[in-house]
Amino acid sequence: MLTPVHLRDGGTPEGKATPLIPEESDLTLEEEKDLAYFVGTLDEDEDPKNLSFLRKCIIVFVVSSGALCSTCASSMAAFAETGTARDLHVPKEVSILGVSAYVIGLAVGPLFVGPLSEVYGRNLIYRVSYAIFFAFSWPVAFAPDIAVFLIFRCLTGFFSSAFLSVAGGTVSDIFTPAKTAIPMALYTLAPFIGPMLGPLLSGFINQNTDWRWTFRVLIIWVFVELVMIFGVPETYAPVLMKQKANKLRKATKDPRYYASLDRREGSLTRAIMISCYRPFELLLLDRMNLLLDLWCALLFGILYLAFQAFPFIFVGNHGFTIEQTGLSFIGIGIGMFSGMMINIWLIMYVSYTIKHAANGVPTPEQCLLPSKVGAIMVPVSMFWLAFTTYPSIHWVVPIIASGFFGAGFILCFSGTFTYLVVAYRPMAASALAANAFARSSFAAAFPLFAGQMYTKLGTVGATALLAGIMTLTAPLPFIFGAIGAKLRAKSPFALH
């Protein structure tokens, strides 16, 4: 049903409406008349928060699977490196760039996609970006040389990033704040499970057929996702209001109806420029943000370094095939799922303590509880992994250790993401973009030196070195939990 939202006296062709503007107003008569045609709310049947529970579950599934596909594509190239090096006539070190180039695209994409989604809505961004992702995946699968392969790997990473920067907004669009935590936790898991699923799929493919089938299978997956995307409705309220105003203009033949996006101040180019420089402003000028982002970047770099490290551990020490090495990543994947379950329990615990506290007022620092647990689990699990990589120790032991790393990884990221959103609420999107850029940069760089490091130091020395670095950074969430409020008070960006 089309009903003008704000009308003064009179009524409309559809019937009489309740006046919005009070009798006494500081507005001029012209401004009052103009405001009378402002579409600023949605009817109950138009509000995406009123969709059926089943429809919401389908939407969360589609956006989560889209994010899973995007991140899985980054690591699928890891086990195709031998074939890539052989057929494209490049050294192994150059073939590793297939992963790095894609991750660089993932890092840069959200800086542009975010502002565009605020003007054109979620749906158009999903459909256009994934259609280009599908189109550009073909040159990767049929690349005649390394230049074409790497250029289009970077471009596919760029256009696949929509689900990493916009999909979280879709989840928050369809659930009320009180019910957002669990579906958001489920969505957040998908981008981290993706890199673990990539080697598993790629291992099976490269063990049994040509490396190019790695990317042909990916093309099929992207096409299926693209078809599912067209079943997802628009959920961004400002765009829905703009559509409603447009329908009212057509239905009433009155051009005066408008929504906020119809009179948007500032250009899209300016919004993209702000989106590009503000995350770097945060990184350079806010020490707390910088340290938390570097901590997450180290974790993400180590995760992507595992794509080069696991062959050293399981092929070199235990005689695994490519297929079996891909299966060894199941440990991290199970650990991540377990970490999500622990995270949900910790979220409920924090909510309970806040509810029963004396003042009942939550602080951003309380969000760091999962990160504190994860900060302990990560170095412990890595030392465990390091000293169980010997050939004399059964292969299942390091895989179990990697599971604890996966759980700690999820807990660290969950707490940090929530803290950045709450502590930097006025600039939450920029804070998350800065974090995404930092961690993606490390994820692109770490695989490039992993081979040399594991060759020189061995599986024990190299893994123990990384564990030592994570031990040095483990106190960070505890420090910010204790003095975060003081640091926020001095920050020009954080919520005071």
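Fair warning: this is a prediction, and the values are worked out from it, not measured in the lab.

Procedures and definitions
Residues numbered from 1 in each chain as written. Predicted model: local features only at pLDDT ≥ 70, side-chain atom pairs only at ≥ 80, totals over all residues. Heavy atoms only, no water. Phe/Tyr/Trp six-rings, centres within 6.5 Å; stacked < 30°, edge-to-face > 60°. Helix = DSSP H or I, 4+ residues; strand = E, 2+ residues; numbered from the N terminus. Buried < 20%, exposed > 50% of the residue type's maximum accessible area, 1.4 Å probe, protein only. Expected span 1.5 Å × (residues − 1). Bend = angle between axes of the 7 residues up to and from the residue. pLDDT = per-residue confidence, 0-100. Contact = heavy atoms within 4.5 Å. Polar contact = N/O pair within 3.5 Å; in protein donor to acceptor, adjacent residues only side chain to side chain. Patch = residues over 30% accessible without salt bridge, like charges linked within 9 Å, V, L, I, M, F, W, Y side chains within 5 Å. Areas by Shrake-Rupley, 256 points an atom, 1.4 Å probe, with all protein chains shown as cover. Salt bridge = Lys/Arg side-chain N within 4 Å of Asp/Glu carboxyl O.

**Q** How should I be thinking about the packing of aromatic side chains in this particular structure?
**A** What characterises a pair of aromatic rings is the spacing of the ring centres plus the angle enclosed by the ring planes. The tally for this structure, following the rule as stated, stands at 36 aromatic pairs. Summarising the aromatic geometry, the rings of Tyr130 and Phe133 are spaced 5.2 Å apart at their centres and angled 85° between planes, so their arrangement reads as edge-to-face. Of the two residues, Tyr130 and Phe133 both sit in helix α5 (residues 97-141), 3 residues apart, roughly one turn of that helix. For the pair Tyr130 and Phe133, a shared accessibility class is recorded, and that class is buried. With 5.8 Å between their ring centres and 65° between their planes, Phe300 and Phe413 make a pair best called edge-to-face. Placement of the pair is Phe300 in helix α13 (residues 287-316) and Phe413 in helix α17 (residues 396-423), with a sequence separation of 113 residues.

**Q** Looking at this structure, I do not really get helix α18 (residues 428-473). What am I missing?
**A** Residues separated by three or four positions in an α-helix point in the same direction, a consequence of the helix having 3.6 residues per turn. Taking 1.5 Å per residue, 46 residues should reach 68 Å; α18 reaches only 24 Å between its end C-alpha atoms and comes up short. Of all the bends in α18, the greatest measures close to 115° and is centred on Gly458.

**Q** Explanation requested: unusual backbone geometry in the structure shown.
**A** Among all residues save glycine, negative phi is the norm, and among peptide bonds the norm is trans. In this structure, His89 takes a positive phi of about 60° despite not being glycine. Looking at the secondary structure, you find His89 in the loop between α3 (81-87) and α4 (92-95).

**Q** Please explain the confidence of the model for the protein chain as it appears in this structure.
**A** Predicted coordinates in areas of low pLDDT are best not read in detail. Chain-level pLDDT for the protein chain is 84 on average; 88% of the residues reach the 70-or-more range. Note that pLDDT drops below 50 for residues 1-25; the model gives that stretch 47 contacts with residues more than four away or on any other chain.

**Q** Explain α17 here, please?
**A** Here α17 is 28 residues long and its end C-alpha atoms lie 41 Å apart, about the 40 Å a rise of 1.5 Å per residue gives. In terms of burial, α17 is a largely internal element, 22 of the 28 residues being buried.

**Q** Hey, could you run me through the environment of Asn123 in this one?
**A** Positionally, Asn123 belongs in helix α5. Taking C-alpha positions, Asn123 is 5.4 Å from Glu234, a pair spaced 111 residues apart along the chain. Beyond its immediate stretch of four places on either side in the chain, Asn123 contacts Val232, Pro233 and Glu234. Here Val232 takes part through its backbone oxygen, which lies 2.8 Å from a polar atom of the side chain of Asn123.

**Q** Hey, could you run me through a nonpolar patch on the surface in this one?
**A** Residues Trp384, Trp395, Val396, Ile400 and Phe404 make up a contiguous nonpolar surface patch of about 430 Å² in total accessible area. Counting residues per element, the nonpolar patch draws most heavily on α17, which supplies 3 residues. Following the sequence through the fold, Val396 ends up in helix α17.

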